[in-house]
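One letter stands for each residue in the lines below.
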Amino acid sequence: MNASVELRSYPGLDDRIVIVRVGDEVDAVFVRTERFNVLIDTLGTPELCRMALDLLEERAEARPLVVVNSHMDWDHFWGNAAIAGRAPIIAHAAALDRLRDPSTREVLSDKASQESRFRNVDLIGPAITFSGSMTLNGGDLTLELIHTPGHTPDHIVIWIPELRTCLAVDAVEYPIPEVWSRTAGDLRLIRSSLERIRDLKARLVIPAHGHTYSPSAVDENLAYFQALADRVGSLSESRLADQQLGSSSGLRLEDFVPIPDGMPSDTVTFYRSCHETNLGATVQAHIERLKSA
Ligand SMILES: [Zn+2]
């Protein structure tokens, strides 16, 4: 993949906020406040992050930079090395556990063996971590970093109350988000994080994938999880044990959300696997409910 960076906006988006887009891979977000600039996420490689910083230089107007890592998924923080010596990086405390987990390094060696652009990635962690929530007071704008686990244990969204704008990263996703594991606990977390975002009553909700900005995506994600729970709740016990449940009629991805025309086949494959995980977690939650009844 020949990845490059471009700066984008959305209709109605305040001009202090800039979408930093790497094709269909991921969006980072740049926010300019009176007192400092904030870059939320550092993209998938240090080269991409450096390209982004170059493109943003004029808008940065020599203000100090603060960087936030939304969560420790590769496409959001592997560019951290480009930030070294330029800005402090902030993340949720749970990001440190993920960074230490052997799977993080395994993902890197896997991806580096497939694509040369990942061979000079260094895994750099945040300098500042917090639990619960944290507020960045920019003067004209406030950035509230809100822990929203469920997609991953360390996930945070950024709420800017003055603009009623939520930078939702991967907590909200079109067509569907993905739960961290096939457990009832993580399913509960992703649904309550979505409810928390819905209750912000944002004017714009901006995820890192899918190029959407309408708050309706939050309602659609919540409706998807509710429809999954309803469908699974109507299955017989023998069907619940079926490992191929996600490919049977009435339970496939397209039975819950329309697959957009022209979506590349590898992207469809990716969302099918997200759906499988979500379905697995829903089945698990249902089985636990049956046992405790
Ligand atoms: Zn992502």
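Analysis parameters
Residues numbered from 1 in each chain as written. Predicted model: local features only at pLDDT ≥ 70, side-chain atom pairs only at ≥ 80, totals over all residues. Heavy atoms only, no water. UniProt positions renumbered as here; feature names shortened; annotations may be inferred. Core = buried A, V, L, I, M, F, W, Y, C linked by side-chain atoms within 4.5 Å. Buried < 20%, exposed > 50% of the residue type's maximum accessible area, 1.4 Å probe, protein only. Helix = DSSP H or I, 4+ residues; strand = E, 2+ residues; numbered from the N terminus. Contact = heavy atoms within 4.5 Å. Salt bridge = Lys/Arg side-chain N within 4 Å of Asp/Glu carboxyl O. Donors = N, O, S within 2.8 Å, 3.2 Å for Na, K, Ca; no water. Tetrahedral: all angles 85-135°; square planar, octahedral: opposite > 155°, others 65-115°. Polar contact = N/O pair within 3.5 Å; in protein donor to acceptor, adjacent residues only side chain to side chain.

Within an unreviewed UniProt entry, the label attached to the protein chain reads MBL fold metallo-hydrolase, and the organism entered is Rhizobium anhuiense. The UniProt entry for the protein chain carries the following text under Sequence similarities (unreviewed entry): "Belongs to the metallo-beta-lactamase superfamily. Class-B beta-lactamase family."

What follows concerns the nonpolar core. If you look at the biggest cluster of nonpolar residues, it comprises 39 residues, and the most contacted ones within it are Cys166 and Val172. Of all the secondary-structure elements, those providing two or more residues to this core are strand S10 (156-160), strand S11 (165-169), helix H5 (184-198), helix H6 (216-233) and helix H8 (265-292). Not counting the four nearest positions on each side in its chain, Val172 is found in contact with Leu194, Ile197, Val205, Pro207, Ala217, Val218 and Asn221.

Throughout the structure, instances matching the rule amount to 14 salt bridges. A salt bridge links Asp27 to Arg21; the nearest nitrogen and oxygen atoms lie 2.9 Å apart. Considered together, Asp27 and Arg21 belong to a single accessibility category, that of buried residues. One connected set of salt bridges, linked through shared partners, spans Arg252, Glu254, Asp255 and Arg272.

What follows concerns the coordination of the zinc ion. Those protein atoms acting as donors to the zinc ion are Asp75 (OD), His76 (NE2), Asp170 (OD) and His209 (NE2), and they sit at 2.0 to 2.6 Å. Its four donor atoms give the zinc ion angles of 81 to 167° at the centre, a pattern that matches the irregular case.

Residue placement: Thr104 occurs in helix H4 (residues 102-114). Judged by relative accessible area, which is 9%, Thr104 ranks as buried. A distance of 2.5 Å separates a polar side-chain atom of Thr104 from the backbone oxygen of Arg98. Not counting residues within four places of it along the chain, the set of residues in contact with Thr104 comprises Phe77, Arg98, Leu99 and Leu123.

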